[in-house]
Amino acid sequence: MRYPIRLRVNGDLYELSVDPRWSLLDMVRNHIGLRGVHRGCDSGDCGACTVLLDGRPVAACLVLAVDADGATVTTIEGLAQGNTPHPIQQAFVTHGAIQCGFCTPGMIMAVAALLAEHPHPTEAQVRGGLAGNLCRCTGYAKIVEAVLSVALSTDSGNG
Ligand code: FES
Ligand code: FES
């Protein structure tokens, strides 16, 4: 049994016939082909699969694809403007916040959501906003540094 759904992913409209057992992660990774959405734990613990669902960060492995009917989804592939990386992506590179890179797409999506809500977060807010995203390589210090640098480089809002 398949169910028809329509959703917008990174600005493109998709009309798909989905198995009710598919997660949003299964759908975007395996059926839309967005391999930047990583599968780590597949149980909501690591944050590697984080995407924005109607602007809110979610673990795509915990959302059923059928429940994304009518939604707007943004993945890491939707952040850059052509060949120009998003400021968060650039900050991660500049500050050495990437090692193996497995956590990075989900981490950056969580940061995007955090900065949308708090354009000038405190370090505690950054660490809190990233609490659901695990990184086994960096020790988090450079990630936090990168996020704070993006916040400093913008001049709107008060967090
Ligand atoms: S793969 Fe979804 S939270 Fe780990
Ligand atoms: S850079 Fe390797 S898991 Fe974060």
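Here's what I pulled together on the structure shown here.

1. Some remarks on the overall build of the chain
Then step 1. The secondary structure content of the chain amounts to 5 helices and 5 strands.
Then step 2. In sequence order, the secondary structure elements of the chain are arranged as β-β-α-β-β-β-α-α-α-α.
Then step 3. Over its C-alpha atoms the chain spans a radius of gyration of 16 Å, differing by no more than 12% from the 15 Å that the globule rule assigns to 159 residues.
Then step 4. In terms of overall dimensions, the chain has C-alpha extents of about 50 × 30 × 30 Å along its principal axes.
Then step 5. By residue count, 43% of the 159 residues in the chain fall in the buried class.
Then step 6. Considering only residue pairs separated by 6 or more positions, the chain has 55% of its internal contacts joining residues 24 or more positions apart.
Then step 7. On the chain, roughly 8100 Å² of surface is accessible, and the fraction owed to carbon and sulfur atoms is 51%.

2. Description of the pairing of strand β4 (residues 56–59)
Then step 1. Of the strand pairs in this sheet, strand β3 (residues 50–53) and β4 are connected by 4 bridges, and their pairing is antiparallel. What sits directly across from Leu 53, in β4, is Arg 56.
Then step 2. With antiparallel pairing between neighbouring strands as the criterion, β3 and β4 make up a hairpin whose turn holds 2 residues, including Asp 54 at a positive phi of roughly 50 degrees.

3. Observations regarding the sheet that holds β3
Then step 1. With mixed pairing, the 5 strands of this open sheet are ordered in space as β2-β1-β5-β3-β4. Two strands lie at the open edges of the sheet, namely β2 (12–18) and β4, each paired on one side alone. With strand direction ignored, the average angle separating the axes of adjacent strands in the sheet is 40 degrees.
Then step 2. Docked against the sheet, helix α3 (residues 104–117) engages β3, β4 and β5 (72–74), running at close to 35 degrees with respect to β3.

4. Examining unusual backbone geometry
Negative phi is the rule for most residues except glycine; trans is the rule for most peptide bonds.
Then step 1. The backbone phi angle of Asn 10 is positive, close to 50 degrees, even though this residue is not glycine.
Then step 2. Here Asn 10 is to be found in the loop between β1 (3–9) and β2.
Then step 3. For Asn 10, a relative accessible area of 25% puts it in the partly exposed group.
Then step 4. One non-glycine residue, Asp 42, adopts positive backbone phi at about 65 degrees.
Then step 5. Mapped onto the fold, Asp 42 is located in the loop between α1 (24–31) and β3.
Then step 6. Under the relative-accessibility criterion, Asp 42 is labelled partly exposed at 40%.

5. As for the environment of Gly 40
Then step 1. Of note, Gly 40 is situated in the loop between α1 and β3.
Then step 2. Residue Gly 40 is classed as partly exposed on the basis of its relative accessible area of 43%.
Then step 3. As a C-alpha pair, Gly 40 and Cys 103 span 63 residues in sequence and 8.5 Å in three-dimensional space.
Then step 4. Contacts of Gly 40, omitting those with residues within four sequence positions, involve Cys 46, Ala 48 and Phe 102.

Criteria and cut-off values
Each chain has its residues counted from 1, running along the sequence as written. Chain labels run from A onward and ligand labels from 1 onward, assigned in the order the entries are written. Residue-level local features of this predicted model are given only where pLDDT is at least 70; pairs of side-chain atoms are given and counted only at 80 or more, and the full residue set underlies all totals for whole chains, interfaces and linings. Here the side-chain values reflect all heavy atoms present in the structure, with hydrogen atoms and water set aside. In DSSP terms, a helix is any run of H or I states spanning at least four residues, a strand is any run of E spanning at least two, and both are numbered starting from the N terminus. Within these notes, the globule rule equals 2.2 Å times the number of residues to the 0.38 power, and the radius of gyration is based on C-alpha atoms. Accessibility here uses a 1.4 Å probe with only protein chains present; expressed as a share of the type maximum, an area under 20% marks a residue as buried, one over 50% as exposed, and anything in between as partly exposed. Here, residues are in contact when the closest pair of their heavy atoms is within 4.5 Å. With residues, only the protein chains shown are counted as cover, and all accessible areas are computed by Shrake-Rupley using a 1.4 Å probe. Here, strands pair whenever DSSP counts at least two bridges between them. Convention adopted: a line fitted to C-alpha atoms gives each axis, helices being fitted over their contacting stretch, and angles between N-to-C directions are expressed from 0 to 180 degrees.

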